[in-house]
Each structure stands twice: as structure tokens, then as C-alpha cells.
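Chain by chain, the residues run as shown.
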Amino acid sequence: MELNDKLEILADAAKYDASCASSGAPKRSSEDKDGFGATTGMGICHSYTPDGRCVSLLKILLTNFCIYDCQYCINRRTSNVPRARFSVEEVVKLTHDFYVRNYIDGLFLSSGIIQSADYTMEQLVAVARQLREVHKFRGYIHLKTIPDADPLLIEEAGRWADRLSVNIELPTHDSVTRLAPEKNVHTIKLAMGSIRRKLDEKAEEPKAPSFAPAGQST
Ligand code: SF4
């Protein structure tokens, strides 16, 4: 599959993540019409940095394949949608190329779960690590973490990303059990708690390694 086709599928699939919801606007395009611009372009969304600046982010999923079957999610295992998967290198290249063309200020990256929570989280972390270490990327990175992943991976994610978040789509234990039986409220809470703890440790010990300086969200 061509990179552009993947981008179309995986930017569209990411628009349902409300962490930065500006890409949920109604479809409108100037194609074949007067005027200019469109709301349907590939996923650029907006977010705020700790100093209040509004930044444009490339908002994509690493993949919309998922081994879970959450009933409310378009990317669930049993959903009949076109599927695609980026390699780590493809996400790094897209972010780099869009950044140097001034299309974006950073990256918002989430993913369906492939193979296991740890494997998926490793891939997300690898994107951020390559951007920071290999390309010396100083732009903004928001990673959606996988709650069941090894805490050491979440810790490494916080070293590279400006913001970490965890999806909390349902308000009660019962609704999670009914609609997302493969998810576990306990591990979601633990993941949020461990990110909070790392942020507090960093606040108390400024010389500790950097950890998600723009904080956490859902
Ligand atoms: S784990 Fe995430 S991507 Fe997979 S079905 Fe559930 S909500 Fe959708």
C-alpha cells in the first residue's frame, strides 16, 4: 500500500480520538467548487503547549488493526473498515517531512493494539525515540499510551514525549465490562496513576530526567 493511502486511512481513523478534536469538523471541500480550503484534509489537529501556544499536530494512528473488540470503536476487531499500518520509519519520515515543510509543529500518535500491549507501546516509543535521538526533533510529541503496557515503557515514553494520555472512554466499571471486556479499569487507573506519580517525582526533583513536561490528559 502507498504511503499516501495509509495516511488517508490512519489520519481518518485517528479523528475519533477526542484528545485533540479539531479534526472532527463536518466534511467541507472546495474541490470542484469556488473558494479554497477543506476540512477533510489528512489529520492535522491543534493542541496547547504548557506556555499557552496553539500548535498544529499531525494526528494519526500507527495502525487501525486491533486485537480488541470495544463495541463503541470503529477500529474494533470485528469492524469492516479498511485497515493499514505504518512502520516506525514511515511515521518518523512523515513527521519530519511535514515539519520541515512547515505543515505541523508536532505529532499526535495513537494506535490500535497489535500483538500485545507491550509490543504496541514499544512501537510508539520507538517513533518518539527515533525522532528525538536520530533526527534531534525538538517539536511537540503527544503519545497515547497503552494502559496494559510495561510501566518501564510508559516511563520511556515520558522521556521523549511532551504529553502522555490514556483513553478513558467509559465512566463506570460495569460499562467497561459490558462494552470493552478486554479492557481493565484497574490497569487504566494504574496507568494514569503511574504517569501522575512520575510527574510529581519530576516536580519534586528538577534534576530527574525529563518526563512529559506538558503533562497528562485523557
Ligand atoms: S483497544 Fe482502542 S483501538 Fe482497539 S477496539 Fe478498543 S478503543 Fe478501539
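This text goes with the structure placed above it.
Throughout, residues of each chain are indexed from 1 in the direction in which the sequence is written. Totals for whole chains, interfaces and linings use every residue, but because this is a predicted model, local features are given only for residues with pLDDT of at least 70 and side-chain atom pairs only at 80 or more, for both listing and counting. Note that the side-chain values use all heavy atoms of the structure and ignore hydrogens as well as water.

(A) Main features of the overall build of the protein. Every helix listed is a DSSP run of H or I at least four residues long, and every strand listed is a run of E at least two residues long, numbered separately from the N terminus. Helix and strand counts for the protein come out as six helices and six strands. Order of helices (α) and strands (β) in the protein, N terminus to C terminus: α-β-β-α-β-α-β-α-β-α-α-β. Under the scheme applied here, a residue whose accessible area is under 20% of the maximum for its type counts as buried, over 50% as exposed, and between as partly exposed, the area being computed with a 1.4 Å probe on protein chains only. Per-residue burial over the protein gives 46% buried out of 218 residues. Contacts: residue pairs with any heavy atoms within 4.5 Å of one another. Taking all contacts inside the protein whose residues are at least 6 apart in sequence as the whole, residues at least 24 apart take part in 63%. Of the roughly 11,800 Å² of accessible surface on the protein, a fraction of 52% belongs to carbon and sulfur atoms. Areas reported as accessible are Shrake-Rupley estimates using a 1.4 Å probe. Residue values count occlusion only from the protein chains shown.

(B) A look at the environment of S56. Assignment of secondary structure puts S56 in strand β2 (residues 54–61). Each C-alpha atom of the pair S56 and D105 lies 5.3 Å from the other, and the pair is 49 residues apart in sequence. Excluding residues within four positions of it along the chain, S56 makes contact with I44, C45, H46, Y103, I104, D105 and G106.

(C) How the structure looks around the packing of helix α3 (residues 117–134) against helix α4 (residues 151–160). Interhelical geometry of α3 versus α4 gives an angle of 25 degrees and a closest axis separation of 9 Å. Between α3 and α4, the angle falls in the class roughly parallel. You can see that α3 and α4 cross each other, and the crossing is left-handed. Here D118, M121, E122, V125, A128, R129, R132 and E133 of α3 come into contact with α4, specifically with L153, I154, E156, A157 and W160. Each residue receives one of three labels: charged for Asp, Glu, Lys and Arg, nonpolar for Ala, Val, Leu, Ile, Met, Phe, Trp, Tyr, Cys and Pro, and polar for the others, Gly being one of them. For the contact of α3 with α4, the residue count by class is seven nonpolar, no polar and six charged. For helices, the fitted line uses only the C-alpha atoms of the stretch in contact; every axis is such a line through C-alpha atoms, and the angle between N-to-C directions lies from 0 to 180 degrees. These descriptions rest on fixed angle ranges, namely under 35 degrees for roughly parallel, over 145 for roughly antiparallel, 65 to 115 for roughly perpendicular, and the rest for oblique. By definition, any crossing whose near helix is turned counterclockwise from its far helix by less than a right angle is left-handed, and any crossing with a clockwise turn is right-handed.

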